[in-house]
Amino acid sequence: MKNAGAIRQAAESIKRGGIVAFPTETVYGLGADAFNPLAVARIFEVKKRPYFDPLIVHVSSPSDLERLVTEIPKNAKKLIDRFWPGPLTVVLSKSEEVPDIVTAGLPTVALRMPRHTMALSLIELAGCPIAAPSANLFGSLSPTTAEAVREQLGDQIDFILDGGPCEVGVESSIVSFLERRPSLLRPGGVTLEEIESIIGPVEISSNEESRPSAPGMLPRHYAPRTPIILNWSMKNLDFYKGEKIGLLAFRKPNKSLKFDHTEVLSKKGDLREAAANLFGAIRRLDALNLDLILAETVPEIGLGRVIMDRLRRASGRISQS
Ligand code: TXA
Ligand code: MG
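Here is what the cut-offs are and how they apply
Residues numbered from 1 in each chain as written. Chains lettered and ligands numbered in written order. Predicted model: local features only at pLDDT ≥ 70, side-chain atom pairs only at ≥ 80, totals over all residues. Heavy atoms only, no water. Helix = DSSP H or I, 4+ residues; strand = E, 2+ residues; numbered from the N terminus. Rg over C-alpha atoms; globule rule 2.2 N^0.38 Å. Buried < 20%, exposed > 50% of the residue type's maximum accessible area, 1.4 Å probe, protein only. Areas by Shrake-Rupley, 256 points an atom, 1.4 Å probe, with all protein chains shown as cover. Lys, Arg positive; Asp, Glu negative; His and termini not counted. Charge placed at Lys NZ, Arg CZ, Asp CG, Glu CD. pLDDT = per-residue confidence, 0-100. Contact = heavy atoms within 4.5 Å. Pairing = 2+ DSSP bridges. Near = heavy atom within 4 Å. Polar contact = N/O pair within 3.5 Å; in protein donor to acceptor, adjacent residues only side chain to side chain. Axes fitted to C-alpha atoms, helices over the stretch in contact; angles between N-to-C directions. Parallel < 35°, antiparallel > 145°, perpendicular 65-115°, else oblique. Left-handed = near helix turned anticlockwise from the far one by under 90°. Salt bridge = Lys/Arg side-chain N within 4 Å of Asp/Glu carboxyl O. Phe/Tyr/Trp six-rings, centres within 6.5 Å; stacked < 30°, edge-to-face > 60°. Nonpolar A, V, L, I, M, F, W, Y, C, P; charged D, E, K, R; others polar.

1. Considering the overall build of the protein
Counting secondary structure elements, the protein contains ten helices and 14 strands. Radius of gyration (C-alpha) of the protein: 19 Å, near the 20 Å computed for a compact globule of 321 residues. The principal-axis extents of the C-alpha atoms in the protein amount to approximately 60 × 45 × 40 Å. Per-residue burial for the protein yields a buried fraction of 58% across its 321 residues. When the accessible surface of the protein is split by element, carbon and sulfur atoms take 50% of a total near 14,300 Å². Positive and negative charge centroids in the protein, built from 40 and 38 side chains respectively, lie 4 Å apart.

2. Considering the confidence of the model for the protein
Overall, the prediction assigns the protein a mean pLDDT of 92, with 92% of residues at 70 or greater. With pLDDT under 50 throughout, residues 212-222 is counted as low confidence; its partners more than four residues away or in other chains account for 17 contacts.

3. Some thoughts on the sheet that holds strand β10 (residues 203-204)
What the ten strands build is an open sheet, ordered β7-β1-β2-β6-β3-β5-β4-β8-β9-β10; its pairing is mixed. Strands at the two margins of the open sheet, each flanked by one partner only, are β7 (159-160) and β10. Note that strand β9 (residues 183-186) and β10 share two bridges and pair parallel. From the neighbouring strand, serine 183 faces β10, where its bridge partner is glutamate 203.

4. Considerations on the site of ligand 1
Among the 24 residues in the neighbourhood of ligand 1, the closest are listed as Thr26, Asp53, His58, Ser172 and Arg186. At 2.9 Å from a nitrogen atom of ligand 1 is found a side-chain nitrogen or oxygen belonging to threonine 108. Here an oxygen atom of ligand 1 sits 2.5 Å away from a polar atom, N or O, in the side chain of serine 172. Within the complex, 96% of the 680 Å² of free accessible area of ligand 1 lies under protein. Looking at the shell around ligand 1 element by element, the count peaks at four residues for strand β5 (residues 108-112).

5. Some details on the packing of helix α9 (residues 271-286) against helix α10 (residues 303-314)
Orientation of α9 relative to α10, taken along the N-to-C sense of each, is 15 degrees, at an axis distance of 9 Å. When the axes of α9 and α10 are compared, the pair comes out roughly parallel. Crossing of α9 over α10 shows left-handed handedness. Between α9 and α10, the contacting residues are Leu271, Arg272, Ala274, Ala275, Leu278, Phe279 and Ile282 on the first element and Leu303, Gly304, Ile307, Arg310, Leu311 and Ala314 on the second.

6. Describing the side chain of serine 176
Relative to the assigned elements, serine 176 resides in strand β8 (residues 173-176). Of note is the side chain of serine 176, whose polar atom sits 3.4 Å from the backbone nitrogen of leucine 178. Among residues more than four places away in sequence, those in contact with serine 176 are Val91, Arg181, Pro182, Ser183 and Leu185.

7. Comments concerning the pattern of salt bridges
A complete count under the given rule lists 17 salt bridges for this structure. Salt-bridge contacts for arginine 49 lead to aspartate 53; the nearest nitrogen and oxygen are separated by 3.5 Å. By relative accessible area, which is 4% here, aspartate 53 ends up buried. Across the pair aspartate 309 and arginine 310 runs a salt bridge, and its minimum N-O distance is 2.5 Å. Sharing partners across several salt bridges, the network here consists of Glu171, Asp309, Arg310 and Arg313.

8. Comments concerning the packing of aromatic side chains
Evaluation of the coordinates by the stated rule reveals two aromatic pairs. Taking 4.9 Å as the distance between ring centres and 20 degrees as the angle between the ring planes, the aromatic pair formed by phenylalanine 44 and tyrosine 51 counts as stacked. A relative accessible area of 44% means that tyrosine 51 is categorised as partly exposed. The interplanar angle of 85 degrees and the centroid separation of 5.1 Å between the aromatic rings of phenylalanine 239 and tyrosine 240 together place this pair among those described as edge-to-face.

9. So, the packing of helix α3 (residues 74-83) against helix α7 (residues 192-199)
The interhelical angle for the contact between α3 and α7, taken along N-to-C directions, is 125 degrees, at an axis separation of 9 Å. One finds that α3 runs oblique with respect to α7. The crossing of α3 and α7 is right-handed. Residues Asn75, Lys78, Leu79, Arg82 and Phe83 of α3 lie in contact with α7, whose contacting residues are Glu194, Ile195, Ile198 and Ile199. A per-class count over the contact of α3 with α7 returns five nonpolar, one polar and three charged.

Given below as structure tokens:
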């Protein structure tokens, strides 16, 4: 298999307690052996992530859950059967074996089986579940290329596995099964519509609630550095006269519009393609030293819901980890 040598090296590093960036179909993760609290602690240090924000544990097979959780509710099982491997994370009651640092002291653990072949081989070769947040500094956008990981964390981590650009481009959906009714803590790569088609109605947690504790303590310097504005209109563009403006367009814009730079998420207005391009487009705009980024809104259905959620976060109105 291509990249076999690199995957083996990365797996060796995880076994020795190292931290490794690796591709998944959603975004790049920064992983460590989930059973090694010291290695996991380094992830928090390098990301500058507060210890109250728990990590997702990545497995290479649904059978890995036996060691990690106390039980699997029927609806969780249905979603796992349907969407694993894939961009769906389930929050279940944790077993004693899962170290507290992974779950930020919560009695629950978030779990996901990614579908990127490199991620799956890495977990298998390392021989342990891999605890991994997105491979960005806390508060920044999740990286969707190895290059974006290198820019932010390059010299501080033990290995970067390059698997090319991420296919989905936004993080996994997170569904919790701790309450009477399943609840969606974070919209993501598996749409709400797809989830509800399998298990019926789910509660939608507000974004602040999805943070297990102390959301008010989060810093306000969320990247991108360039302010992103969502509520603007073509009619009022004069308001921004004299400013260097980038446009984050959903589909191909009208040629007569004059912006300093334009990024198009999907020429044909396809939400899946737009999601895959979202973080890369924001990152490129952010590198141009613009005064402002005006972002177009997208329809809030399917992956459009996820795109709008991430745009609101990027515009500083909701926090992100
Ligand atoms: O697609 C993804 O999910 C990516 C890739 C690398 O798998 N990972 C990712 O991880 O986005 P991270 O750490 O950036 O976001 C995980 C989110 C955090 O908001 C965290 O608060 C939440 O999952 N989370 C983790 N464990 C939880 C738990 N036990 N209960 C509730 N929320 C939890
Ligand atoms: Mg993150």
